[in-house]
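Structural characterization, general
Spelled out, the chains give:
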Amino acid sequence: DQQVKQNSPSLSVQEGRISILNCDYTNSMFDYFLWYKKYPAEGPTFLISISSIKDKNEDGRFTVFLNKSAKHLSLHIVPSQPGDSAVYFCAASASYQKVTFGTGTKLQVIP
Amino acid sequence: DAGVTQSPTHLIKTRGQQVTLRCSPISGHKSVSWYQQVLGQGPQFIFQYYEKEERGRGNFPDRFSARQFPNYSSELNVNALLLGDSALYLCASSLLSGTSYEQYFGPGTRLTVT
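Bear in mind that the values here come from a model prediction, so they are computed numbers and not experimental data.

Description of the sheet that holds strand 8 (residues 72-77) of chain A
Residues and elements named next belong to chain A.
- Overall, antiparallel pairing links the five strands, which are arranged 1-3-8-7-6 in an open sheet. Pairing within the sheet leaves two strands with one partner each, and these edge strands are strand 1 (4-5) and strand 6 (56-59).
- Where strand 3 (residues 19-25) lies against strand 8, six bridges are found, and the strand directions are antiparallel. Paired with Asn22 across the two strands is Ser74, which belongs to strand 8.

Some thoughts on the pattern of salt bridges
- What the rule picks out here adds up to six salt bridges over all chains.
- Notably, a salt bridge pairs Asp84(A) with Arg61(A), separated by 2.8 Å at the nearest N-O pair. Taken together, the residues span a long stretch of sequence, with Asp84(A) in the loop between strand 8 and strand 9 (86-93) and Arg61(A) in the loop between strand 6 and strand 7 (62-67) at a distance of 23 residues.
- A residue is classified by how much of its surface remains accessible, and Arg61(A), at 22% relative accessible area, is partly exposed.
- When the shortest N-O distance is used, the salt bridge between Arg22(B) and Glu75(B) registers 3.4 Å. Highlighted residues: Arg22(B) in strand 3 (residues 19-24) and Glu75(B) in strand 8 (residues 74-78), separated in sequence by 53 residues.
- Through salt bridges with shared partners, one network takes in Arg22(B), Arg67(B) and Glu75(B).

Focus: the interface of chain B and chain A
- Across the contact, 21 residues belong to chain B and 18 residues belong to chain A.
- Between the two partners, chain B and chain A, sit zero salt bridges.
- Taken together, the links from chain B to chain A amount to one residue pair in polar contact (both at pLDDT 80 or more).
- Mapped by element, the contributors of at least two residues to the side of chain B that touches chain A are strand 4 (31-37), strand 5 (44-50) and strand 9 (87-94) of chain B.
- Tallied by class, residues from the side of chain B that touches chain A come to nine nonpolar, 10 polar and two charged.

Reading the values: rules and limits
- Residues numbered from 1 in each chain as written.
- Chains lettered and ligands numbered in written order.
- Predicted model: local features only at pLDDT ≥ 70, side-chain atom pairs only at ≥ 80, totals over all residues.
- Heavy atoms only, no water.
- Pairing = 2+ DSSP bridges.
- Helix = DSSP H or I, 4+ residues; strand = E, 2+ residues; numbered from the N terminus.
- Salt bridge = Lys/Arg side-chain N within 4 Å of Asp/Glu carboxyl O.
- Buried < 20%, exposed > 50% of the residue type's maximum accessible area, 1.4 Å probe, protein only.
- Contact = heavy atoms within 4.5 Å.
- Polar contact = N/O pair within 3.5 Å; in protein donor to acceptor, adjacent residues only side chain to side chain.
- Nonpolar A, V, L, I, M, F, W, Y, C, P; charged D, E, K, R; others polar.

What follows is the structure, given as structure tokens:
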């Protein structure tokens, strides 16, 4: 049972444009959501998070939006840079318990 | 500052053997979690330890066990290895305080079972 879903396995975006990565979840108990970036041969790197009491969190070029009614969150990267090319994982947690990850979206930013 | 460190980097074992993986968290972090990542999937939660106590366990068989030491380092032990245990094993540490639950991952241990 995949509680966190990233339905797009890959995404290609031109440098300077916006990248939008999407994530859906099914467990209504999730109250904390995170995005991680992973380069080959490295562990995932924390990017940005959002609590369920908020609907938006921004950190530099990265913004996460949360739509609780739709059980949907998205990560916006503006402007996209070639160094952003990586696999992005959406993750969710309920009451600081185990973190459940999605299957990842591979982002390619084309120079 | 040193990040999360894991050893060994790579490991090859035979079916039926036992393996121990090691993790040292970021200084000051008291929580350690273990994840298994198979190719094409996201990390799957195995265990979380906080202050040497198990705080969570994922859907893994009893062949998987872990412990956390007084210095907050941790070991993951897998007995009776199966081919399906071949994966990247990730360790993550966190402060686990307030609303901060950002985890910091190590580079992982690549386990191959033949």
